[in-house]
Amino acid sequence: MAMEWWSAIIAALALAKSIALNLVIARVVGFVFSLCRLHVFVRRRLAKQGILGPKPSWLAGNAVEMKRLVASATSADMKSTSNDISARLLPFHHKHAQTYGKRFLAWSVGWEPFVSISEPELIHEILNSTDFEKSGIQNRFMMPLFGRGLVMATGKAWDHQRRLLNPAFYVERIKGFLPTINFCASGLVQEWKGLIRSSSSNVVEVDVHSVLTSVTADIIARTSFGHEFTHREEYVRLERELEVCVLNQPAFCLIPGYRYLPTKQNRKLWEITRKIRSYLYELIDARLATGKDHFGDDILGLLLAATFSSSPSSTKKVPPMSKDVLIDDCKTLFFAGHESSADLVTWSMMLLALNPEWQARARSEVLQVLDGCEVLTSEMLPKLKLIGNILSETLRLYPAAVAIRRKAVKDVVFTKGKLVIPKGVCAEVPILRVHHDPELWGDDVLEFNPDRFSKSEAVAAGSYLPFGWGPRICIGRNFALAEAKVVLSTLLDNFEWEISPSYRHSPRAGVTLYPQHGMQLLLRQLPQN
Ligand code: HEM
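Rules and cut-offs
- Residues numbered from 1 in each chain as written.
- Predicted model: local features only at pLDDT ≥ 70, side-chain atom pairs only at ≥ 80, totals over all residues.
- Heavy atoms only, no water.
- Helix = DSSP H or I, 4+ residues; strand = E, 2+ residues; numbered from the N terminus.
- Rg over C-alpha atoms; globule rule 2.2 N^0.38 Å.
- Buried < 20%, exposed > 50% of the residue type's maximum accessible area, 1.4 Å probe, protein only.
- Contact = heavy atoms within 4.5 Å.
- Areas by Shrake-Rupley, 256 points an atom, 1.4 Å probe, with all protein chains shown as cover.
- Core = buried A, V, L, I, M, F, W, Y, C linked by side-chain atoms within 4.5 Å.
- Pairing = 2+ DSSP bridges.
- Axes fitted to C-alpha atoms, helices over the stretch in contact; angles between N-to-C directions.
- Salt bridge = Lys/Arg side-chain N within 4 Å of Asp/Glu carboxyl O.
- Donors = N, O, S within 2.8 Å, 3.2 Å for Na, K, Ca; no water.
- Parallel < 35°, antiparallel > 145°, perpendicular 65-115°, else oblique.
- Nonpolar A, V, L, I, M, F, W, Y, C, P; charged D, E, K, R; others polar.
- Near = heavy atom within 4 Å.
- Polar contact = N/O pair within 3.5 Å; in protein donor to acceptor, adjacent residues only side chain to side chain.
- Phe/Tyr/Trp six-rings, centres within 6.5 Å; stacked < 30°, edge-to-face > 60°.
- Lys NZ or Arg CZ within 6 Å of the ring centre and 35° of its normal.

Chemist: Looking at this structure, I do not really get the overall build of the chain. What am I missing?
Modeler: What the chain contains, in helices and strands, is 19 helices and twelve strands. The C-alpha atoms of the chain give 26 Å as radius of gyration, which agrees with the globular expectation for 529 residues (24 Å, within 12%). Dimensions of the chain, computed from C-alpha atoms along their principal axes, come out at roughly 100 × 60 × 50 Å. Within the span of the chain, comprising 529 residues, buried residues form 51% of the whole. Across the chain, the fraction of contacts at a sequence separation of at least 24, relative to all contacts at a separation of at least 6, is 74%. Summed over all atoms, the accessible surface of the chain reaches about 24800 Å², with 60% contributed by carbon and sulfur.

Laid out in structure tokens, this is it:
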């Protein structure tokens with residue numbers, strides 16, 4: 001009897017094994033088949049419209065070539081401090097645009113085709129269209145940084161979060177953040193003056209990128225979570241650690257389910273994420289425990305009021321968001337809100353160091369606007385026109401996002417240019433190439449010339465996109481520009497600077513465009529200070 005049971009169990013196991021094996025084989029065959037169909041279908045449909053591109057491999061697409069070209073282009077520093085960085089940072093585009101023109105087809109991986117488009121009119125349409133959504137492997141890669149926060153959200157979830165977050169970035173709100181920005185900028189000035197005092201000469205070398213990244217992290221942490229956030233320094237440290245972890249993820253983290261495996265790196269990622277979330281939960285619970293309708297004047301306070309307040313307000317018309325999404329949005333704002341701002345001030349300091357006549361002009365505007373006052377007020381900011389143009393020109397030459405992508409949720413027919421992007425294909429906007437295109441900006445495209453922004457007609461729609469465009473334009477752009485104006489002007493008011501001989505010009509595109517080996521400048525305190 002027992003023998004019969006055993007043979008029945010063994011037979012059942014053998015059957016289960018063969019079913020499982022057949023299922024796996026069927027899945028693999030199905031995947032290969034749909035991959036082949038996708039390649040043939042997409043390539044044929046786009047070729048009919050004159051859109052061609054380099055030959056992809058079925059599984060890896062053009063990923064191997066992209067990786068190889070970037071590795072080779074960035075393997076050494078640039079020979080001079082030139083602004084000609086497009087071929088270095090987007091070498092794949094540089095190479096293939098020469099053969100295939102301003103629209104070409106390529107594949108991030110075998111199942112993700114994208115059409116790279118550098119024509120302003122089409123870009124304008126893509127970024128304004130609701131038929132394209134954020135998605136794709138880049139997003140999946142960045143997931144641990146942003147969770148389901150605004151940067152990653154799509155469809156109704158995005159619309160809901162955007163409406164709740166928008167009021168935190170109204171101009172009136174940003175004015176309220178100025179004292180915090182001034183406080184952090186003054187702290188930086190004191191720190192650098194201290195360094196100069198303790199040096200034997202009146203000059204010190206500082207890696208301004210690393211310091212500015214800490215300062216902008218401090219500003220966003222204070223404006224988002226308030227001055228009383230006792231874990232601020234630890235929080236900033238953890239977020240930076242999380243970024244390093246995410247950037248070092250292996251390519252196979254994109255395989256569904258990989259993130260749940262207890263690998264060494266995944267466990268580290270889980271641990272950091274758990275700590276970050278616990279700090280935010282603690283902060284939120286402490287605010288909620290006050291039991292009031294007013295939860296503070298910082299960004300978190302506003303979001304809590306919109307979510308939990310019992311008093312009627314305009315944002316009450318928007319349904320509240322869950323605590324988990326709220327936490328993801330806090331993480332998102334912190335992360336999106338400091339790296340690119342630090343890069344902006346860093347690159348503008350470099351450009352002013354390389355162009356001392358512009359530095360002198362900028363300083364003279366700051367002194368004139370300050371007119372003896374110690375700090376900038378909200379009324380002074382619009383008067384800093386040249387500083388505004390310097391920041392715009394910096395963002396043109398060194399945009400934080402070198403390229404952005406959207407995926408077509410259905411076949412998208414363009415009114416201009418007679419183009420149809422098939423459903424599931426991404427449209428990619430190589431912002432850096434558009435910003436460096438002489439056909440759009442003239443022969444002096446690579447020169448630092450802030451005056452090009454003094455004429456209002458200088459910028460044609462779709463040719464200047466440092467903050468993206470359309471409904472998903474950067475929510476923090478006014479905040480970032482106010483912050484950069486204050487920090488840069490405060491530094492101009494106190495120091496003059498030049499490039500240090502130890503600086504190595506090596507721009508690199510990670511999550512943002514940053515100087516790979518830091519930005520070493522020689523700082524000198526101005527005589528009147
Ligand atoms: C110089 C500074 C900044 C630059 C150059 C910049 C650039 C950008 C760009 C290009 C996008 C669009 C991405 C896309 O379309 O795929 C974006 C989106 C976003 N940015 Fe910024 N950003 C800056 C500062 C900030 C700040 C200070 C914050 C917050 C405090 C912020 C929060 C966001 C968020 C939440 C989004 C997603 C918006 C959405 O999808 O609705 N950014 N940013």
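Chemist: Explain the nonpolar core to me, please; I cannot follow it from the model alone.
Modeler: If you look at soluble globular proteins, the nonpolar side chains tend to sit buried side by side. Core analysis: the largest hydrophobic core is formed by 123 residues, its most contacted members being Trp192, Met349, Val487, Leu488, Leu491 and Trp497. For this core, the element with the highest residue contribution is helix α8 (residues 171-198), accounting for ten residues. Beyond its immediate stretch of four places on either side in the chain, tryptophan 192 contacts Val206, Val208, Val211, Met349, Leu491, Phe495 and Leu523. Judged by nonpolar contacts, the second largest core, of 24 residues, contains Val42, Leu46, Ile421 and Val429.

Chemist: What exactly am I supposed to notice about the sheet that holds strand β12 (residues 520-525) here?
Modeler: Within a sheet, neighbouring strands are paired by backbone hydrogen bonds and run either parallel or antiparallel to one another. Read across the open sheet, the three strands follow the order β4-β12-β9; overall the sheet is antiparallel. The open sheet is flanked by β4 (203-207) and β9 (495-499), the only strands paired with a single partner. Averaged over all neighbouring strand pairs, the angle between strand axes comes to 35°, with direction disregarded. Pairing analysis gives five bridges linking β9 to β12, with the strands arranged antiparallel. From the neighbouring strand, isoleucine 499 faces β12, where its bridge partner is leucine 521. Contacts between α8 and the sheet are confined to β4, β9 and β12, with β12 contributing the most and set at about 85° to the helix. The strands touched by helix α19 (residues 477-494) within the sheet are β9 and β12, with β9 carrying the most contacts at an inclination of about 100°.

Chemist: What should I look at first to understand the pattern of salt bridges in this one?
Modeler: Going through the model one piece at a time under the given rule, you end up with 26 salt bridges. Two residues, lysine 102 and glutamate 439, come together in a salt bridge whose shortest N-O distance is 3.3 Å. Of this pair, lysine 102 sits in the loop between α4 (91-100) and β1 (103-109) while glutamate 439 sits in helix α18 (residues 438-441); the two residues are 337 residues apart in sequence, bridging distant segments of the chain. For arginine 103, the salt bridge goes to glutamate 119, with nearest N and O atoms at 3.0 Å. Here arginine 103, found in strand β1, pairs with glutamate 119, found in the loop between β2 (112-117) and α5 (120-128); they are 16 residues apart in sequence, far enough to count as distant. For arginine 103, a relative accessible area of 19% translates into the label buried. Taken together, the shared-partner salt bridges in this structure form one network comprising Glu393, Arg396, Asp444 and Arg452.

Chemist: Help me understand the coordination of the iron atom of the ligand in this model?
Modeler: Ideal geometry at a metal centre: 109.5 degrees between donors when four sit tetrahedrally, and 90 or 180 degrees when six sit octahedrally. No protein donor other than Cys474 (SG) coordinates the iron atom of the ligand, and that contact is at 2.3 Å. As for its placement among the helices and strands, cysteine 474 is situated in the loop between α18 and α19.

Chemist: What's the story with the packing of helix α10 (residues 232-247) against helix α13 (residues 323-336) in this structure? I'm lost.
Modeler: Packed helix pairs are specified by the crossing angle of their axes together with the interaxial distance, meaning the distance between the axes. Across the interface, α10 lies against α13 with an axial gap of 11 Å and an inter-helix angle of 80°. Between α10 and α13, the angle falls in the class roughly perpendicular. Across the interface between the two elements, Tyr235, Val236, Glu239, Leu242 and Glu243 of α10 pack against Cys330, Lys331, Phe334 and Phe335 of α13. Among the residues making up the contact of α10 with α13, the classes are represented as six nonpolar, no polar and three charged.

Chemist: Which parts of the structure should I look at to understand the site of the ligand?
Modeler: Near the ligand lie 26 residues; those nearest to it are Trp158, Arg162, Arg406, Arg472 and Cys474. Separating an oxygen atom of the ligand from a side-chain N or O atom of lysine 134 is a distance of 3.3 Å. Listed by contribution, the elements that provide at least two residues to the shell around the ligand are α7 (155-165), α14 (339-354), β5 (404-408) and α19. Of the residues that constitute the shell around the ligand, the class distribution is 17 nonpolar, five polar and four charged.

Chemist: Just to check I follow, could you spell out the packing of aromatic side chains for this structure?
Modeler: Each pair of aromatic rings is reported with the distance of its centres and the angle of its planes. Under the counting rule described, the total for this entry stands at 15 aromatic pairs. Geometrically, the ring pair formed by tyrosine 235 and phenylalanine 334 is edge-to-face, given 5.2 Å between the ring centres and 90° between the ring planes. Placement of the pair is tyrosine 235 in helix α10 and phenylalanine 334 in helix α13, with a sequence separation of 99 residues. For the pair tyrosine 235 and phenylalanine 334, a shared accessibility class is recorded, and that class is buried. Among the aromatic residues, ring-to-ring pairing joins Phe225, Phe229, Tyr235 and Phe334 into one connected group. The side chain of arginine 396 reaches across the aromatic face of tryptophan 441, ending 5.2 Å from its centre. Here arginine 405 stacks its cationic end above the ring of phenylalanine 114, 4.0 Å away from the centre of that ring.

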